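Structural characterization, general
Read off the chains here:
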Amino acid sequence: MSTVCKHFGDCGGCSFQDIPYLEQLCKKEEEIKRLLREAEFEVLLKPINHYPEWFYRNKMEFCFYDNGDGKTVCGLYSKKFKNKVTDLEECLIFSPDIGIILAAVKDFVKAGNYPAYNKYNYKGFLRHLVVREAKFTSQIMVGLVTTGQAAFDRAGFVKLLAGLKLNSSIKSIYHILNDSMSDAVIFQEKNLLYGEPFIREELGGFQFNIGIDTFFQVNPRAIDDFYAKIRGYAGLDKTKSVLDLFCGTGSIGMFLAKDAKYVWGVEIEKAIVEAAWENAKINNINNISFAVSDTKNFLNTQSYFHQGVDLLIVNPPRCGVSPKVVKSLLTLNAKRIIYSSCNPKSLFEDLKLMCQFYRLEFVEPFDFFPHTPHCECLTILNKI
Ligand SMILES: C[S@@+](CC[C@H](N)C(=O)[O-])C[C@H]1O[C@@H](n2cnc3c(N)ncnc32)[C@H](O)[C@@H]1O
């Protein structure tokens, strides 16, 4: 099958693009069935939910690199060539505007003769280009991540980007300083060069502020539906309490708050919790609170106050939760648990422990990540 993106095969971004989309969905369903069999679950598997397959991601972190020929490229690590970066001209899972933005930034970098950072000798200047796009409001945020080893023409950078003719509009431009040794994007110092500190996304009638370093689910069109489905499955009637573990910016809790008596969210990152409070404020939600805490510590110290909670939401990062945390979750004695994860293997392992006390009602997959092997799985458990 011919692929759509000109970089497929070289770029390490997508690995399923040469598989027709319907076949990708079947493959994901088959894999979930296999994992369920392996975990010895006989449970209803709902059909996989799917959404527009192109231009779905709301965030990309592109990397500046010198592939050895002295030319600075900007793109994603190559799948084909070890220790090289594919110089991207388009990214069809991100935004129709990204080709124009990347071309302009590369011209700017070339004209200024700014060197790419070398992760082996820690020398150089340009590290990453972070671009975020709110899909329902068409607002873009750009962040240039550099070391402090040189200076750059900030005014020229802003003028260049703000003058681009795009489908969406650039509302925010940051310069991020990162002198750490880590190859990840670390937001050591954030300097707003232009526009607003946040871009705004709108989901389910709610507004969400997204900062340069805010966690937000990557596929807004999919999560709009996902959150609405969670709200349906929650079965709340304004008298029930909700505990939302790994709550991120509080979006699931906010979707549920209208139908709940009270919602508590728990999230490890302070900056994310600050964004969650801000989101609750701009949406006039007064029956929600957030705690900055590691879930494990929270459960060790606070579970007494949440005994018998009506609904527990569990939505951990890909690495999942440890068996110890699962055991602590069980001591809460929640009446219903909605556990969703982008790592079905670890999810089903956790469910095995939980099903000593809970009945697994169904598993429902959501294709949050077209053209990649990943898949989100939502599960509902009711206390036996
Ligand atoms: C998959 S996200 C879920 C976010 C949220 N439920 C949503 O729909 O946007 C996982 C979140 O868990 C947070 N997290 C990671 N480890 C954690 C821990 N040990 N305790 C609490 N939160 C944690 C991450 O910072 C991230 O915001």
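Residues numbered from 1 in each chain as written. Predicted model: local features only at pLDDT ≥ 70, side-chain atom pairs only at ≥ 80, totals over all residues.

A word on the overall build of the chain
Across its full length, the chain holds nine helices and 17 strands. Relative to its length of 384 residues, the chain is compact, with a C-alpha radius of gyration of 22 Å against a globular reference of 21 Å. Expressed along its principal axes, the backbone C-alpha trace of the chain runs to roughly 65 × 45 × 40 Å. Residue burial in the chain is summarised as follows: out of 384 residues, 44% are buried. At a minimum sequence separation of 6, the contacts of the chain that also span at least 24 residues come to 64%. (Helix = DSSP H or I, 4+ residues; strand = E, 2+ residues; numbered from the N terminus. Rg over C-alpha atoms; globule rule 2.2 N^0.38 Å. Buried ≥ 20, exposed ≤ 12 C-beta atoms within 10 Å, placed from the backbone. Contact = placed C-beta atoms within 7 Å.)

Points about the site of the ligand
Within the structure, the ligand sits among 18 residues, and Phe246, Gly248, Ile268, Thr295 and Asn315 are positioned closest to it. Here the shell around the ligand is composed, by residue class, of nine nonpolar, six polar and three charged. (Near = placed C-beta within 6 Å. Nonpolar A, V, L, I, M, F, W, Y, C, P; charged D, E, K, R; others polar.)

Quick notes on the domain arrangement of the chain
Once the domains are mapped, the chain shows domain 1 (22–52 + 219–383) and domain 2 (59–203). Using C-alpha coordinates to define each centre, domain 1 is positioned 32 Å away from domain 2. Class assignment for the residues of the side of domain 1 that touches domain 2 results in four nonpolar, one polar and two charged. (Domains from an automatic or database assignment.)

So, the sheet that holds strand S2 (residues 59–66)
In spatial order, the strands read S4-S3-S2-S5-S6-S7-S8; together these seven strands make up an open sheet with mixed pairing. Strands at the two margins of the open sheet, each flanked by one partner only, are strand S4 (85–87) and strand S8 (189–195). Going across the sheet, the axis of each strand differs from the next one's by a mean of 30°, ignoring polarity. Relative to S8, strand S7 (residues 169–177) runs antiparallel, the two being bridged by six bridges. By the bridge assignment, leucine 177 is partnered in S8 with glutamate 189. Docked against the sheet, helix H3 (residues 154–162) engages strand S6 (139–146), S7 and S8, running at close to 155° with respect to S7. (Pairing = 2+ DSSP bridges. Axes fitted to C-alpha atoms, helices over the stretch in contact; angles between N-to-C directions.)

Quick notes on the pairing of S7
In the sheet, S6 pairs with S7 via eight bridges, with the strands oriented parallel. For valine 145, the partnering residue across the bridge sits in S7 and is isoleucine 176. Note that the unit made of S6, H3 and S7 has a crossover that is right-handed. (Right-handed = clockwise from strand over helix to strand, strands pointing away.)

Considering the environment of isoleucine 223
Looking at the secondary structure, you find isoleucine 223 in helix H4 (residues 220–234). In this structure the C-alpha to C-alpha distance between isoleucine 223 and phenylalanine 64, which are 159 residues apart in sequence, comes to 30 Å. Residues within four places of isoleucine 223 in sequence aside, it is in contact with Leu203 and Gln217.

Examining the nonpolar core
Counting residues in each nonpolar core, the largest one holds 108 residues, and the members touching the most others are Leu256, Leu311, Leu312 and Ile338. By residue number, the principal contributor to this core is H4, which donates six residues. When we break this core down by domain, the ones giving at least three residues each are domain 1 (22–52 + 219–383) and domain 2 (59–203). For isoleucine 338, the residues in contact, after removing those within four places along its chain, are Ile230, Tyr233, Ala234, Leu311, Ile313, Leu378 and Ile380. (Core = buried A, V, L, I, M, F, W, Y, C linked by C-beta atoms within 7 Å.)

Observations concerning unusual backbone geometry
Positive phi, normally seen in glycine, also occurs at phenylalanine 55, with a value near 50°. With respect to the helices and strands, the residue phenylalanine 55 is situated in the loop between strand S1 (44–45) and S2. Unusually for a residue other than glycine, lysine 238 sits at a positive phi of about 70°. Of note, lysine 238 is situated in the loop between H4 and strand S11 (241–245).

Notes on the packing of helix H7 (residues 295–302) against helix H8 (residues 323–331)
Any two packed helices are characterised by the angle at which their axes cross and by the distance between the axes. Relative orientation of the contacting elements H7 and H8 amounts to 35°, with a least axis distance of 10 Å. For the pair H7 and H8, the sense of crossing is left-handed. Mapping the contact onto sequence places Thr295, Lys296, Leu299 and Asn300 in H7 and Val325, Ser328 and Leu329 in H8. Split by residue class, the contact of H7 with H8 holds three nonpolar, three polar and one charged. (Left-handed = near helix turned anticlockwise from the far one by under 90°.)

Some points on the environment of serine 289
In this fold, serine 289 is placed in strand S13 (residues 288–292). Expressed as a C-alpha distance, the spacing of serine 289 and tryptophan 264, which sit 25 residues apart in the sequence, is 5.0 Å.

Notes on the packing of H8 against helix H9 (residues 344–354)
Orientation of H8 relative to H9, taken along the N-to-C sense of each, is 40°, at an axis distance of 10 Å. Here H8 lies oblique to H9, going by the angle between them. In the crossing of H8 with H9, the sense of the turn from one axis to the other is right-handed. Here Pro323, Val326 and Leu330 of H8 lie close against H9, whose contacting residues are Asp350, Leu353 and Met354. For the contact of H8 with H9, the class distribution of residues is five nonpolar, no polar and one charged. (Parallel < 35°, antiparallel > 145°, perpendicular 65-115°, else oblique.)

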